[in-house]
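So the chains spell out like this:
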Amino acid sequence: MSSSPARDVLARLRLEDGSLWIDRATDFQLADALAALEDTDRPYGFSTRGRGGSKTTDAGAVSLAWLATAPGGARGDWAASDR
């Protein structure tokens with residue numbers, strides 16, 4: 001797995017139980033996070049997940065990684081809906 005600044009931040013984030021987010025993330029969670037953080041060809045991303053799909057925790061992790069690594073003056077918007 002290659003490294004990037006955003007991936008390095010994800011690798012250090014801890015969950016409530018003390019485990020690392022990146023160690024507990026499933027393949028789809030990591031793919032969604034890296035698509036949001038590293039896919040610079042898309043001006044936006046869209047992801048849907050069912051109940052229990054770790055939407056809130058993962059959005060928090062991605063937001064923190066983005067905030068820590070985004071260039072100065074960058075703009076990011078997040079939205080969520082249950083319908």
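This is a predicted model, so every value here is computed, not measured.

1. Topic: the overall build of the protein
Then comes step 1: On a plain count of helices and strands, the protein comes out with four helices and zero strands.
Then comes step 2: When the helices and strands of the protein are read in sequence order from the N terminus, they spell out α-α-α-α.
Then comes step 3: Scored against the burial criterion, the 83 residues of the protein give a buried share of 29%.
Then comes step 4: Contacts spanning at least 24 positions in sequence make up 48% of the contacts within the protein whose residues lie at least 6 apart.
Then comes step 5: Summed over all atoms, the accessible surface of the protein reaches about 6,300 Å², with 52% contributed by carbon and sulfur.

2. Quick notes on helix α3 (residues 27-38)
Then comes step 1: Between its terminal C-alpha atoms α3 stretches 16 Å, which fits the 16 Å expected from 12 residues at 1.5 Å a residue.
Then comes step 2: Within α3, burial applies to Q29, L30, A33, L34 and L37. Angular distribution of buried residues about the axis of α3 spans 120°; they occupy a single face of the element.
Then comes step 3: As for α3, its buried residues are in contact with α1 (5-12), α2 (21-24) and α4 (55-69).

3. With respect to the nonpolar core
Then comes step 1: Ranked by internal contacts, the top residues of the largest apolar core, which has 15 residues, are L10, L13, W21 and L37.
Then comes step 2: Every element with two or more residues in this core is listed here: α1, α2, α3 and α4.
Then comes step 3: Among the elements that make up this core, the one with the highest residue count is α3 (four residues).
Then comes step 4: Aside from chain neighbours lying at most four places away, what touches L13 is S19, L20, W21, A61 and L64.

4. Re the pattern of salt bridges
Then comes step 1: According to the stated counting rule, one finds four salt bridges in the structure shown.
Then comes step 2: Of the charged contacts in the structure, one is a salt bridge between D17 and R24, with a shortest N-O distance of 2.6 Å.
Then comes step 3: Overall, the relative accessible area of 54% leaves D17 in the exposed class.
Then comes step 4: Where D58 meets R49, a salt bridge forms, and the shortest distance between an N and an O atom there is 2.5 Å.
Then comes step 5: Exposure remark for D58: the relative accessible area of 5% places this residue in the buried category.
Then comes step 6: Several salt bridges share partner residues, and in doing so they unite D32, R49 and D58 into one network.

Procedures and definitions
Residues numbered from 1 in each chain as written. Predicted model: local features only at pLDDT ≥ 70, side-chain atom pairs only at ≥ 80, totals over all residues. Heavy atoms only, no water. Helix = DSSP H or I, 4+ residues; strand = E, 2+ residues; numbered from the N terminus. Buried < 20%, exposed > 50% of the residue type's maximum accessible area, 1.4 Å probe, protein only. Contact = heavy atoms within 4.5 Å. Areas by Shrake-Rupley, 256 points an atom, 1.4 Å probe, with all protein chains shown as cover. Expected span 1.5 Å × (residues − 1). Arc of directions from axis to C-beta. Core = buried A, V, L, I, M, F, W, Y, C linked by side-chain atoms within 4.5 Å. Salt bridge = Lys/Arg side-chain N within 4 Å of Asp/Glu carboxyl O.

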